[in-house]
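Each chain, written out:
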Amino acid sequence: MLEQLESSEQELMRALSRRAYEQHGRFATLLLDVSDTWFEGEGPELARKGKTKEGLVRMKIGIVLMCSQQGHPVRWQVVQGASSEGPAMLQVMRTVQQVPWLEKTPIVCDRALGRTAYVERCWMPTSAS
């Protein structure tokens, strides 16, 4: 069952974001954050030992979630427990660049994304020579 859900993930993200768009119109903003969850025992393949947001050392994974201003999920990604939040957030942000009706929507996120120079270096497309 989980394998079927995983294989349909991209299609599900497109359908959910399109449905939210059809119901509420163009998004005023997108909200992006990273959380984590931890496991007793080994956990899934992506789980790594690390400090959780609660300060516990556990086997954990990261969850990057982008929502509309109404709280409807638009994009998400499960990342390795030891992943840095900034690069994980940028990776999800890049997925909305491919969606014409989402590409110019402002994205609000916390300071985990990093400094402005880092965002500009990683976010802006490089010009072809």
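Quick caveat: nothing in here was measured; it's all calculated off a predicted structure.

Concerning the side chain of S68
Line of reasoning, step 1. Examined against the element boundaries, S68 turns out to sit in strand 3 (residues 57-68).
Line of reasoning, step 2. Owing to a relative accessible area of 0%, S68 belongs among the buried residues under this scheme.
Line of reasoning, step 3. Non-local contacts of S68, meaning those with residues more than four positions away in its chain, are made with F27, T29, L30, L31 and V74.

Details of the pairing of strand 3
Line of reasoning, step 1. Here strand 1 (residues 30-39) runs beside strand 3; their pairing, made up of 10 bridges, is antiparallel. Pairing of V34 across the sheet is with V64, part of strand 3.
Line of reasoning, step 2. Between strand 2 (residues 48-51) and the antiparallel strand that follows it, strand 3, lie 5 residues; G55 among them carries a positive phi value of about 90 degrees.
Line of reasoning, step 3. Pairing of strand 3 with strand 4 (residues 73-80), which is carried by 7 bridges, proceeds in the antiparallel orientation. Pairing of C67 across the sheet is with P73, part of strand 4.
Line of reasoning, step 4. Hairpin geometry of strand 3 and strand 4 is characterised by an intervening segment of 4 residues between the two adjacent antiparallel strands and by a positive phi of about 90 degrees at G71.

Focus: the pattern of salt bridges
Line of reasoning, step 1. Inspection of the entire model under this criterion finds 2 salt bridges.
Line of reasoning, step 2. Measuring nitrogen to oxygen at the nearest pair gives 3.7 Å for the salt bridge that ties K60 to D36. Here the residue K60 occupies a position in strand 3, and D36 occupies one in strand 1, the gap between them amounting to 24 residues. The exposure classification of K60 matches that of D36, with both residues buried.

Describing helix 2 (residues 9-24)
Line of reasoning, step 1. Its 16 residues give helix 2 an end-to-end C-alpha distance of 22 Å, which sits within 8% of 22 Å, the value for a rise of 1.5 Å per residue.
Line of reasoning, step 2. Considered for burial, the residues of helix 2 that qualify are M13, S17 and A20. Looking straight down helix 2, one finds that the buried residues subtend no more than 60 degrees of arc, so they occupy a single side. Structural note: helix 2 exposes E11, R19, E22 and Q23 on the side pointing more than 90 degrees away from its buried face.
Line of reasoning, step 3. One or two steps after helix 2, the chain reaches G25, where phi turns positive at roughly 80 degrees.

Calculation rules
Residues numbered from 1 in each chain as written. Predicted model: local features only at pLDDT ≥ 70, side-chain atom pairs only at ≥ 80, totals over all residues. Heavy atoms only, no water. Helix = DSSP H or I, 4+ residues; strand = E, 2+ residues; numbered from the N terminus. Buried < 20%, exposed > 50% of the residue type's maximum accessible area, 1.4 Å probe, protein only. Contact = heavy atoms within 4.5 Å. Pairing = 2+ DSSP bridges. Salt bridge = Lys/Arg side-chain N within 4 Å of Asp/Glu carboxyl O. Expected span 1.5 Å × (residues − 1). Arc of directions from axis to C-beta.

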